[in-house]
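One-letter residues, chain by chain:
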Amino acid sequence: MKKILLGVLVVLILIQFISPQKNNSKDYTNDITTELQIPDEVLQIIKTSCADCHSNLTVYPWYNKIAPFSWYLAQHVNEGKEHLNFSEWTKYNKDQKNHIIKDLKEVIKKREMPLTTYVLIHKNAAMNESQNKLFLDWINTIEKY
């Protein structure tokens, strides 16, 4: 039993040296704000409730330095950016943007975003009714992009 515990401990220590790449680009060239007018209140919602997973500007929690949590977070962020990346908005073609806007409207309307698991850890990311309505109203203004 001691050998198994020692082996597990050694593996846990060794995996700490395998860190995923951080998602922190300061390049705003293709950011959504370069193409669309976004009210400050909506920008704040995006920053607080969306950007960690849907931009190139993730703010990492302290536990991101601990494997395997760091791997899970990296995978989660990469998956989120596959669906929508506010930092790469201008790289999407018109059809992609329209599809993203349609999907965004649907997940916000159904309150599927931000994810419950994200809100459990980031309480300030939860959108109240007025924020949800404000965000949906803004989406409606860009819907026929």
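Structural data are supplied above this passage.
These figures come from a predicted structure and were not determined experimentally. Per chain, residues are indexed from 1 in the order of the written sequence. In keeping with the predicted nature of the model, local features appear solely for residues at pLDDT of at least 70, side-chain atom pairs appear and are counted solely at 80 or more, and the whole-chain, interface and lining totals rest on all residues. No hydrogens and no water enter the side-chain calculation; it runs on all heavy atoms of the structure.

*Asks:* Please explain the overall build of the protein as it appears in this structure.
*Replies:* Helix and strand assignments come from DSSP, with helices taken as H or I runs of at least 4 residues and strands as E runs of at least 2, each series counted from the N terminus. Each helix and strand counted, the protein has 6 helices and 0 strands in total. When the elements of the protein are put in sequence order from the N terminus, they spell out α-α-α-α-α-α. Dimensions of the protein, computed from C-alpha atoms along their principal axes, come out at roughly 65 × 30 × 25 Å. Under the scheme applied here, a residue whose accessible area is under 20% of the maximum for its type counts as buried, over 50% as exposed, and between as partly exposed, the area being computed with a 1.4 Å probe on protein chains only. Evaluated residue by residue, the protein yields a buried proportion of 37% over its 145 residues. Should any heavy atoms of two residues lie within 4.5 Å, those residues are considered in contact. For the protein, the share of sequence-separated contacts (at least 6 apart) that also reach a separation of at least 24 residues comes to 75%. Surface summary for the protein: the accessible area is close to 9,700 Å², and the carbon and sulfur share equals 61%. Between the mean site of the 18 positive side-chain charges and the mean site of the 16 negative ones, the protein shows a separation of 8 Å. The Shrake-Rupley method, run with a 1.4 Å probe, gives the accessible areas here. Residue values count only the displayed protein chains as cover. When charges are counted, Lys and Arg are positive and Asp and Glu negative, with His and the chain ends excluded. The location of each charge is read from NZ of Lys, CZ of Arg, CG of Asp or CD of Glu.

*Asks:* How should the state of the cysteines be read in this particular structure?
*Replies:* Note on terminology: a disulfide is the covalent bond linking the sulfur atoms of two cysteines. Any cysteine sulfur atom paired with another within 2.5 Å is treated as part of a disulfide. Scanning the entire structure with this criterion turns up 0 disulfides. Summary of cysteine pairing: Cys50 is not part of a disulfide, and the nearest cysteine sulfur, belonging to Cys53, is at 9.2 Å.

*Asks:* Please explain a nonpolar patch on the surface as it appears in this structure.
*Replies:* Exposure above 30% relative accessible area and the lack of any salt bridge qualify a residue for a patch; like charges then connect within 9 Å, and the nonpolar side chains Val, Leu, Ile, Met, Phe, Trp and Tyr within 5 Å. When a carboxyl oxygen of Asp or Glu is within 4 Å of a side-chain nitrogen of Lys or Arg, the pair counts as a salt bridge. On the surface, Leu6, Leu9, Val10, Ile13, Leu14 and Phe17 cluster together into a nonpolar patch covering about 630 Å² of accessible area. By the secondary structure assignment, Val10 is in helix α1 (residues 2-15).

*Asks:* I keep staring at the environment of Leu84 and nothing clicks. Help me out?
*Replies:* When you line up the elements, Leu84 lands in the loop between α3 (69-83) and α4 (94-109). Separated by 19 residues in the primary sequence, Leu84 and Asp103 have C-alpha atoms spaced 9.6 Å apart. Residues within four places of Leu84 in sequence aside, it is in contact with His54, Trp89, Tyr92, Ile100 and Leu104.

*Asks:* Can you help me understand the nonpolar core in this one?
*Replies:* Most often, soluble globular proteins keep nonpolar side chains buried together rather than apart. The set of buried Ala, Val, Leu, Ile, Met, Phe, Trp, Tyr and Cys residues whose side-chain atoms join them within 4.5 Å is what this entry labels a nonpolar core. Among the nonpolar cores identified, the biggest contains 21 residues, and Ile46, Trp89, Phe135, Trp138 and Ile139 are the most heavily contacted of them. Contact partners of Ile139, with chain neighbours within four places excluded, come to Ile101, Leu104, Lys105 and Ile108.

*Asks:* Where do I start with the environment of Ser55 in this structure?
*Replies:* By the element assignment, Ser55 lies in the loop between α2 (40-54) and α3. The class for Ser55 is buried, based on a relative accessible area of 3%. Between the C-alpha atom of Ser55 and that of Glu88, which follows or precedes it by 33 residues, the distance is 7.5 Å. At 2.7 Å, the side chain of Ser55 and the backbone oxygen of Ala51 are in polar contact. Only 3.0 Å separates the side chain of Ser55 from the backbone nitrogen of Leu57, close enough to count as a polar contact. Polar contacts, as used here, are pairs of N or O atoms within 3.5 Å; protein pairs need one atom able to donate a hydrogen and one able to accept it. Residues neighboring in sequence count only if both atoms are side-chain atoms.

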